[in-house]
Every structure is written in structure tokens, then in C-alpha cells.
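# An overview of the molecular structure
Each chain, letter by letter, is given below.
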Amino acid sequence: MTRIGGTWQNWGRSASVKPVRVERPRTPEGVQRAVVAAASQGLTIKAVGAGHSFTGIAVAPGVLLELDDLQGLVSADATTGRVTLLAGTRLHRIPGLLAPFGLAMENLGDIDRQSISGAISTGTHGTGTGFGGLATQVVGVTLVTAAGEFLRVDDEQNSDLLPAVALGLGALGVLVEVTLQCVPAFVLHAVDAPAPLADVLATLHDRAAASDHFEFYWFPHTDVALTKRQTRLDESAVRKPLPLFGKWVDESLLSNGVYRAVCAAGQVVPAVTPPFSRLAVKLTGDREYTDRSHRVLTQSRNVRFREMEYAVPAERIVPVFRAVQALIAQRGWRIEFPLEVRFAAEDDRWLSTAYGRASAYIAVHRYWRADPTEYFEAVEQIMHEHGGRPHWGKLHTLNADQLRERYPRFDDFVALRDRLDPDRLFRNRYLDRVLGA
């Protein structure tokens, strides 16, 4: 997230706004005062985390609430594993906050720059057939409603609302505290290895089931899948982290530095993309190491991009992938970013992309200076044909009528929104499109 003059921009440079006013509350009570003031002045109000959503979900044309100062640990119980955090706490800070209690988050996405409230509110997820998205770790929240009141939702108060507010798109109020069910700290044994794409697709479900966490990347114009499989081990397991220099070469020099230059060159001379992709799969993605969970699950990504990601029923992932593969070949596109395939367990969060069904995800990306429209819309059509649900924080074109067909509890969520925010204090154009005005 950046602000240039009076203009806010998201990380992907796909959304921007010049808000009427910016406020930076330091406490939950500060958030409450800001909400009450906005309502009295007839202004909409939206909270902003790290700006890592590619959609306009956090765009705040009225009052923009920056939660950078609303970070830190509220409470932790090492016995129960329950930890309460202020809503603006960045994911990359959480491991350090949990370490004194011997705890860790059960699973993470592959980027840790987001705030905890932004991550759960947009449906951020990692990978693993036995694990849900980050919102499934939420056992309680406190939010400020449009009436300017604190609403606590947990297993003792308003428990029936938890499946809605744990993944609420910012439409139900402003989160000020998030309570997570954590697990004992653990380490992961990671094996990153290239494999023939045809073999990976033929055995994909077996591979996903055989590892705690499994995913793969595929660079278009190649016949190789870069697989990543991880096994959970007790915290006492011997750690063998990546050598610092080797990690720097792989992640900073090749995956970010050289890759940024090639992406930029590909905008001028598209023909450089296929040979670089073939070189990339030879130079990266072949390593084995064991380290603390958060150091394995997350990675640094500095090359700016734009992304669309869809969840499909897990059993359909191979035909969906093959259809996207064929599409790229048929159109003759030079796609510089890899496709990413991940998995998640079925869950009960009303607006979760994995609600009621085990899910697999395909994410497509373009360099931020490239126009992604033609590519993304063509891929999106394939996803529609297979019952796909779009990630709320990543680019898509669906509206409320289309999304209602994909989410059995969609109308229940809208009814709760009508109850908690009847005057649409927390609305913006994106929420009007996906939930209805």
C-alpha cells in the first residue's frame, strides 16, 4: 500500500482512490470514534490493511482508516492455544509474537505482508488438503458496527455469526480484534523438485494427499512442473535451513531481481519470455530443507504483478488446468508468470471459496505493466464452466447475481449485512458489485 499525495494505491497498482479523509486510529476506541464521526457526516468508511488485494475491496472514497498503528498482541493462552491480536497486525509479525508461548498459526499463505484482518476478510489461504484457509483459524472477532457499537462474536457470544464475520469482506463492520486458534509450534521438511508436467497431472491427487502441504507451479512454454511438498514435524526436529547465500541467489537474485528485468523486457520483446521460462525451471525449484513453519510456508515476492485466482471442486482440477494450458497454446500468448495450483479442505465459512467442498485453486498472473484483461477473462470463462469461485481479493468480473449461484449462504450473508449495516456505511463500488447495492 502506498499513498502519493492524497491518493491511495494498492500494491498491485490495480486500484486507487483519493479519500475525503484519512484517519489512523491507535486503539479500538479510536476506530469506534472514527466510525461514529463518518456516520454523522454522511461519509462511507473503510479499513485498509497492507493493500495486497488486487480488487477494489479496500477502496475508501470517504474515510480511509489506516490500521498500521493497530497492531500487536492483546492476549495469549499457551494452554488453549487461543491468541487475540489487534486487527492491523501484519502476518510477518505474528510468528515473533507467538514464539514466547510455543505457538504457531496452523497454516499460512505464501505471502505474509498482509494484515490479519485483511487476510481473513478476503479469504487468503495456503495449501494442503487437510487445512482450510486462514479464516478457519478464527474463533472470535470484535468489530465496530455501523451503529458505532462493539460486537463480540465467539463461541460464547453471538456464535451463530462466526461463519459470516470471520470472512466478511469488510462489509459487516470494522474488525478491531481477531482471536485465532493456534497450534503448538512446528517445523516443516520441504522438498522442492521439478518433475515432468504430464507425470504430475497424472498423479496429482495422490501427490496432494501424500503430503501435508503440496502445490506446484507451471511456467507456460515449458513441460516441467515445479513441485513443492512439505511434511510437518515436531518443533524439536533438527532444522536444516537453506544456506543464506543460496537462498539469496534463488529468491532475491533469480526469483526477484533477474525475473523483474526479464518481465520488463518481455513487454518490449515478447519472444524472450519462452526461453527464459525454460531456463527458469532449470535454475530454480530444486532444493530440500527443514525450518520453522513460517519460514517454509511464506516467501518474498518483490516483482509487482496482478493476479486472478479461482477455486474449483478438487476433483475437477486436472481438466481445468489442461483447459487453461490449451488456451495459452491456442492463443499464442507469451505469458511470463507461472500458474500456481494449490489445495484446501472443505470449510463452513459462508463466503469461503472452499465452503462445503474440498477445493483446488488455479492462480494466473501477469506482470503489472502488462494488460491482463484478455488473458484473465478467457481463463475466467473456463472457471465458470467448472463451478469456479473467485478469490475475493484477486481480480475477477463476477457480480452479485452470479455469485449468489455459487454460494449456498449468500443470501444469509446479505441479510446479516442488512441487519448490521442497513445504510451501507461500509460500502464501496466493489462491494456494491459483488454483494449488491
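A short tour of the structure in this document, coming up.

## Digging into the overall build of the protein
In terms of helices and strands, the protein carries 14 helices and 21 strands. Computed over the C-alpha atoms, the radius of gyration of the protein is 21 Å, within 12% of the 22 Å expected from 2.2 N^0.38 for a compact globule of 437 residues. In terms of overall dimensions, the protein has C-alpha extents of about 60 × 50 × 40 Å along its principal axes. Of the roughly 17,300 Å² of accessible surface on the protein, 50% is carried by carbon and sulfur atoms. Each charge class in the protein can be summarised by its mean position, and for the 49 positive and 49 negative side chains these summaries are 6 Å apart.

## Observations concerning the pattern of salt bridges
Enumeration according to the criterion identifies 24 salt bridges in this entry. Measuring nitrogen to oxygen at the nearest pair gives 3.1 Å for the salt bridge that ties E309 to K394. Separated by 85 residues along the polypeptide, E309 in strand β18 (residues 305-313) and K394 in the loop between β21 (389-390) and α12 (400-404) bring together distant segments of the chain. Overall, the relative accessible area of 1% leaves E309 in the buried class. A salt bridge links E374 to R331; the shortest N-O distance between them is 3.9 Å. Placement of the pair is E374 in helix α11 (residues 373-385) and R331 in helix α10 (residues 317-331), with a sequence separation of 43 residues. Counted as one network, the salt bridges with shared partners bring together D110, E307, E309, E340, R342 and K394.

## Some words on the packing of aromatic side chains
Under the defined criterion, the tally for this structure stands at nine aromatic pairs. Residues F305 and F337 carry aromatic rings whose centres are separated by 5.5 Å and whose planes lie at 50° to one another, so their mutual orientation is tilted. Here F305 is found in strand β18, whereas its partner F337 is found in the loop between α10 and β19 (339-344), with 32 residues between them in sequence. We note that F305, like F337, is buried. Following the ring pairs from residue to residue traces out a cluster consisting of W11, F54, F305 and F337. Positioned over the ring face of F186 is R232, at 3.9 Å from the centre of the ring. Stacked on the ring of W11, the Lys or Arg R304 has its end atom at 5.4 Å from the ring centre.

## So, unusual backbone geometry
Notably, R13 is not glycine yet its phi reads approximately 60°, a positive angle. Tracing the backbone through its elements, the reader meets R13 in the loop between β2 (7-9) and β3 (16-17). For L169, which is not a glycine, the phi torsion comes out positive at approximately 60°. Along the chain, L169 falls in the loop between α4 (162-165) and β12 (174-181). On the basis of relative accessible area, L169 is assigned to the buried category, the value being 2%.

## Things to note about the packing of α10 against α11
The description of two helices packed together rests on the angle between their axes and the distance between the axes. Contact pair α10 / α11: the axes reach a minimum separation of 10 Å and the direction vectors enclose 145°. The interaxial crossing formed by α10 with α11 has right-handed handedness. For the pair α10 and α11, the contacting residues are V320, A323, V324, L327, I328 and R331 in the first and E374, Y375, A378, V379, I382 and M383 in the second. By residue class, the composition of the contact of α10 with α11 is ten nonpolar, no polar and two charged.

## Points about the pairing of β19
On a regular strand, one side chain projects to one face of the sheet and the next to the other, so that they alternate. For β19, the buried fraction is high: six of the six residues fall into the buried class. Strand direction decides the pairing type here: strand β15 (residues 213-218) and β19, joined by three bridges, are antiparallel. In the strand pairing of β19, W218 is matched with L339.

## Describing the environment of F214
Tracing the backbone shows F214 in strand β15. With near-sequence residues (within four places) excluded, F214 lies in contact with T127, L204, R207, A208, T227, K228, R229, R342 and F343.

## Examining the sheet that holds strand β20 (residues 359-367)
In space, the eight strands of this open sheet follow the order β17-β14-β16-β15-β19-β20-β18-β21, with antiparallel pairing throughout. Both edges of this open sheet fall to β17 (287-292) and β21, since each of them pairs with a single strand only. Pairing between β19 and β20: five bridges, direction antiparallel. Within β20, the residue paired with E340 across the bridge is A363. Sheet strands touched by α10: β15, β18, β19 and β20. Its angle to β19, the strand with the most contacts, is close to 170°.

What counts, and at which threshold
- Residues numbered from 1 in each chain as written.
- Predicted model: local features only at pLDDT ≥ 70, side-chain atom pairs only at ≥ 80, totals over all residues.
- Heavy atoms only, no water.
- Helix = DSSP H or I, 4+ residues; strand = E, 2+ residues; numbered from the N terminus.
- Rg over C-alpha atoms; globule rule 2.2 N^0.38 Å.
- Areas by Shrake-Rupley, 256 points an atom, 1.4 Å probe, with all protein chains shown as cover.
- Lys, Arg positive; Asp, Glu negative; His and termini not counted.
- Charge placed at Lys NZ, Arg CZ, Asp CG, Glu CD.
- Salt bridge = Lys/Arg side-chain N within 4 Å of Asp/Glu carboxyl O.
- Buried < 20%, exposed > 50% of the residue type's maximum accessible area, 1.4 Å probe, protein only.
- Phe/Tyr/Trp six-rings, centres within 6.5 Å; stacked < 30°, edge-to-face > 60°.
- Lys NZ or Arg CZ within 6 Å of the ring centre and 35° of its normal.
- Axes fitted to C-alpha atoms, helices over the stretch in contact; angles between N-to-C directions.
- Left-handed = near helix turned anticlockwise from the far one by under 90°.
- Contact = heavy atoms within 4.5 Å.
- Nonpolar A, V, L, I, M, F, W, Y, C, P; charged D, E, K, R; others polar.
- Pairing = 2+ DSSP bridges.

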